[in-house]
Amino acid sequence: NGEHPLECMFSFICSSNNNIPRIAKMLSSFRERYGTFMMDIPARGEDNGGSSVSSLTVFSFPTLTSLAHATEEELRGMGLGYRAKFIIETRNLLVESGGDDFLLDLRTQRDA
């Protein structure tokens, strides 16, 4: 069924007034800080400094549970800027509304 609705929603918030490389960097930092380690993938090539890259570490997208203690200040420190406030407010609203179940139920709702 494609991208998980939580990932889609937070990615959309990060995309506000932004460019693709910066959005990708923000979401990568978000995953590394609050997501769960999934795997290391062997990679070839060089990083920006000319050093050889031997693997790519993959993290899952954070869950509402893993974001429970995230603060606006932490998110701002990761480069999310003014978007940090909206991530925290959205997280709180989703938790109050039923969390992932609420989001997944939206898929079954008919347009009014």
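Residues numbered from 1 in each chain as written. Predicted model: local features only at pLDDT ≥ 70, side-chain atom pairs only at ≥ 80, totals over all residues. Heavy atoms only, no water.

(A) Up close: the pattern of salt bridges. For the structure shown, the criterion picks out three salt bridges. For arginine 33, the salt bridge goes to glutamate 74, with nearest N and O atoms at 3.5 Å. Linking arginine 33 in helix H2 (residues 20–34) with glutamate 74 in helix H3 (residues 72–77), this pair joins segments that are 41 residues apart in sequence. What makes arginine 33 partly exposed here is its relative accessible area of 48%. The class of glutamate 74 is partly exposed, set by a relative accessible area of 26%. A salt bridge links arginine 76 to glutamate 72, with the nearest nitrogen and oxygen atoms 3.0 Å apart. Pair noted here: arginine 76 and glutamate 72 are both in helix H3, with a separation of four residues, about one helical turn. You can call glutamate 72 partly exposed: its relative accessible area is 25%. (Salt bridge = Lys/Arg side-chain N within 4 Å of Asp/Glu carboxyl O. Helix = DSSP H or I, 4+ residues; strand = E, 2+ residues; numbered from the N terminus. Buried < 20%, exposed > 50% of the residue type's maximum accessible area, 1.4 Å probe, protein only.)

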